[in-house]
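Analysis of the macromolecular model
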Amino acid sequence: MSNMDTRAPFQHSGKNIAQLMQTLLLALLPGICASLWFFGYGILLNILIAGFFALAAETTMLRLRGKNIALHLADRSALVCAALFAIGIPPGAPWWLVALGIIFAIVVAKHLYGGLGQNPFNPAMCGYAMLLLAFPLQMTSWHLPNEVVEGALSVDSLGIPIAGAEQEILSPLSWRGFKQALLLSFPFAASSDFDMKAFTDGLAMATPLIEFKMAGHSALLAARDSGASLFSRESETAWEVINIGYLFGGLLLLYKRIISWHIPVAIIATVLVVSALFYAPGSVSIYGTPYLHLFGSATMIGAFFIATDPVSAATTRPGKIVYGIIIGLSIYSIRVWGSYLDSIAFAVLFGNFCAPALDQFCRPRIFGQGLSRANNESTKP
Amino acid sequence: MLGVGTSLSTRRTAGGIKPPTHKEHSLRSRIMPMPIPPQLKIPVGATKSGTITLCIAAGDHVHKYQKLAQLQMSAQGRSCIPVHAPTSGIVSAIEEAYVADHSQQKQVCIVLTTDGLDTSLPLEPAVDYRQLASEELVTAIRRAGIVGMGGAGFPAADKIDSAAHQAVDLLIINAAECEPYISADEALIRERAEGVVTGAAILQRASSARRCVIAIESSKPDAIQALEQAIEAQTNIAENCELILVASKYPAGSEKQLIQSVAGIEIPSGQLPARHGVLVHNAGTSYAAFQAVAQGKPCISRITTLSGQALKTPKNFEALIGCSVEFLFDICGIDKSLRAKTVLGGSLMGLQLPSDNAAVSKTTNCLIAAGSAELAPPAETQACIRCGFCADACPVRLLPQQLLAFSKTENNSQLLEHGLMDCIECGACDYVCPSHIPLVSIYQDSKAAIEAGRTNHERSEAWQQRFQYHQYRIKKEKDQAPTRTKAAPANKPAAESGESGESVSSNGDGQEFFSKEKASREIAAAVARVKARRAESKSVASEQDKPK
């Protein structure tokens, strides 16, 4: 064991974990930018808050565990965890919600299991699921852009509606939008007599899938039929663009060979097939179109970024495919028949449960092993 | 454009990596014939591996090509490997020394102080190999002391013999040479393709193979062209010798992987290719066979690549067997201040040499004087994140990430279940690992631990049996005195009556008669006892086997 350094191989590809993580962060950018365009600064604030607390928690835990802090912080895995966690949190969520989730993710789901590479469950999704169970209201209130701006304009700093201001439409990327996002993230900064509840209630809105689940299929389809353009910041198109952003990032990961195609393809194909099977056009069922399932929610980010977390996923090729199918089925089932609105976190965690068994039972055939006798004989001249 | 009889293998093999090859440096110049060094240490073999018979003594003057010694391998089915003098001179000593090969142990070497005259024995007359029977060719190859030049060092004649009772369908000349840095075979083929091709024909005839294929990586256009020309030039060879290009990836040249990509045959784990009618010989071996048969020269030199950033002029040498590594490095203009380490073999399966004093052997294919920037020690190891890059790179379709976890917990049954023993230690997993985990070293240690555990287990098993038998015997002997009568009711009364008879007639007549009868009874009882004991020990042994 002592002479590891003097033993072959001596050549290395030069790849390292930090590079992988950095590319992963880079691949998240298109989707994050799309979210920024539609939801304003809230998502950015979430990422920053999560990143800050992730690094703080990681440093603390590394110190407590007596690890080399500089070496392990440099692998950027905490930042990736923070980013994956934060993009699932509704913009406008209060800072403590984000902090609580990411601290749970890093401390409990990651380090208490032995740190990087040892966690059986995806830390980001553990944090997310914990929040979803503990704070269901905050976790499902997405603040849609028009509402953000209009809602904010309609009240002054004292919460009194301002007459005539409704007509003014501002971008969520404006200075005003920024101030609003800050106020939502850090409610303690508001003046004491500010009616926070009225303010946030005015902004709350659901994701298209939630809307769909609650109101049947008509509302969304009607909005789509009315010709809402992709970049008009309509609530119906936001998720489409965001999902396309994440799909683009996912393709980058595939191209860079950071992830293999098995898990994303299995998930997307499963969701597509199952939702197509159950979808009956024109019926008043709640099943939703395959398109809605793929692009109306977090399917893309789940398939490319979250389910592919190598540590907690199945690691064999056949195992990855089964793992993807399990997650795809769970995503659809939880959405359609379950009581939770979006289902990526639970589906991925369920996949994590199955992963060790998949690794054990779905193994590729080793070269030269398991050849049938007949096959053996036929190779002889 | 591919020439006549050349085809590109379209069969995909699992895994593989494409590291930078670094071969271009040593291929810039032609193969350099070697100046005669003042001293040669010609390795004969390790004392452990067989019986060494010396043909000379210290102080003798020897000529070039003279047989010096031979190693009679102790392993079953292996013949002797003779060694010959690479040049003329005086044998100054016979001593143990380090050799530049993978054995990592001292070997008996014949120290030859050269006289610079290079006077040689008359060579055996060159013969047309087509006139010789396969047994004669094998004998000639054996007498020339040819071993596998790719690095394995298995006697070439024995390899042919191992397939003698089989119908050999396919002979593959392995010219893939996929490992970075090594360019010896490529240089050899570029300059002496006719020899390699003729050697292939000789090996084919020697092993009575139906077909012969020369396999080379598609990324070596010069060598491919040379081979095509050589094959076309020799019409008798062109008929049954084919050139197949395999995909340029590491480890394309690994024996079983090469067989798969050339012939589509997957050799089962733990079996020799010969069992499936396939023989693989290295291109260097093929050339040595050509020299032995067509030129009558024994194996006294080989092509060795010298490379690395610490060398001013990396190149390929026709190195005399027994010259020191240091001598070769000096000719290449080594800057020792630049050198960080010396590696024997390629960068992925090589071996770090502790000193330059080692002697070049018949398997020394490459020597790298690595600068500090190249082949740098690995960065600090991080945790495995199970990214699976290793599994994608593994040519045997193992799951290195799982093997690592099982190695850490010393879970030997799972290690075996996951095919640890099928690992060919090619190092592809190490190469791609983003956490810089020394996977191959860990597997080697695990393999060694499992082997050690097996021998320990066997030993303790044997001792346990002996102990149990001992216990059994003591118990039996204790029991036997009082229960002999009960155990053998048929014998018992007779014995007792005999006993009483003895006491009665002790002073009566017929001492003779009594003793005879007693003796025969005792013999019968002893036979019965032994039978019973055997039956019981068998059942004990089978019970011991059961729990496993």
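Being a predicted model, the structure only gives us computed values, none of them experimental. (Residues numbered from 1 in each chain as written. Chains lettered and ligands numbered in written order. Predicted model: local features only at pLDDT ≥ 70, side-chain atom pairs only at ≥ 80, totals over all residues.)

**Here's the deal with the overall build of chain A**
Looking only at helices and strands, chain A features 19 helices and two strands. Per-residue burial over chain A gives 49% buried out of 381 residues. Sequence separation of at least 24 residues holds for 74% of the intrachain contacts in chain A that already meet a minimum separation of 6. (Helix = DSSP H or I, 4+ residues; strand = E, 2+ residues; numbered from the N terminus. Buried ≥ 20, exposed ≤ 12 C-beta atoms within 10 Å, placed from the backbone. Contact = placed C-beta atoms within 7 Å.)

**Concerning the packing of helix α4 (residues 77-86) of chain A against helix α6 (residues 123-134) of chain A**
Residue and element names in this part refer to chain A. Between α4 and α6, the least distance of the axes is 8 Å, while the angle of their chain directions is 40 degrees. Where α4 crosses over α6, the handedness of that crossing is right-handed. Residues C81, L84 and F85 of α4 pack against P123, A124, G127 and Y128 of α6. Looking at the contact of α4 with α6 residue by residue, the classes come out as six nonpolar, one polar and no charged. (Axes fitted to C-alpha atoms, helices over the stretch in contact; angles between N-to-C directions. Left-handed = near helix turned anticlockwise from the far one by under 90°. Nonpolar A, V, L, I, M, F, W, Y, C, P; charged D, E, K, R; others polar.)

**Comments concerning the domain arrangement of chain B**
Residue and element names in this part refer to chain B. Considered domain by domain, chain B is made up of domain 1 (5-307), domain 2 (319-371) and domain 3 (381-472). Each partner contributes to the interface: domain 1 provides 11 residues, whereas domain 3 provides 11 residues. Within the side of domain 1 that touches domain 3, the residues separate by chemical class into five nonpolar, six polar and no charged. (Domains from an automatic or database assignment.)

**Considerations on the sheet that holds strand β17 (residues 339-344) of chain B**
Residue and element names in this part refer to chain B. Spatial ordering of the open sheet is given by β2-β16-β15-β20-β17-β18, a layout of six strands whose pairing is mixed. The outermost strands of the open sheet, each flanked by one partner alone, are β2 (32-33) and β18 (351-352). By the bridge criterion, six bridges tie strand β15 (residues 301-307) to strand β16 (residues 315-320) in an arrangement that is antiparallel. In the strand pairing of β16, S301 is matched with L320. Packed on one face of the sheet, helix α3 (residues 184-206) meets β15, β16 and β20 (366-371) and runs near 120 degrees to β15. (Pairing = 2+ DSSP bridges.)

**Observations regarding helix α4 (residues 221-233) of chain B**
Working note: α-helix, 3.6 residues per turn, so residues spaced by three or four point in the same direction. Between its first and last C-alpha atoms α4(B) spans 18 Å; for 13 residues at 1.5 Å apiece the expected length is 18 Å, and the two agree. Residues of α4(B) that are buried include every one of A223(B), I224(B), A226(B), L227(B), E228(B), A230(B) and I231(B), and no others. (Expected span 1.5 Å × (residues − 1).)

**Digging into the environment of L328(B)**
All names here are of chain B. Within the secondary structure layout, L328 lies in helix α8 (residues 325-331). For the pair formed by L328 and L306, sequence separation is 22 residues and the distance between their alpha carbons is 7.8 Å. Once residues lying within four places of it in the same chain are set aside, the contact partners of L328 are L306, F317, A319, C323 and L367.

**A few points about the sheet that holds strand β6 (residues 67-73) of chain B**
Residue and element names in this part refer to chain B. Ordered in space as β4-β6-β7, the three strands form an open sheet in which the pairing is antiparallel. The sheet is open, and its two borders are formed by β4 (50-54) and β7 (80-84), each paired with just one other strand. Averaged over all pairs of adjacent strands, the angle between their axes in this sheet comes to 20 degrees, without regard to strand direction. Relative to β6, β4 runs antiparallel, the two sharing five bridges. For G50, the partnering residue across the bridge sits in β6 and is M73.

**Things to note about the interface of chain B and chain A**
On the side of chain A, 39 residues touch chain B, which itself brings 53 residues to the contact. Elements with a contribution of two residues or more to the side of chain B that touches chain A: β18, α10 (400-408), α12 (428-432) and α13 (439-487) of chain B. Its residues placed into classes, the side of chain B that touches chain A shows 29 nonpolar, 15 polar and nine charged.

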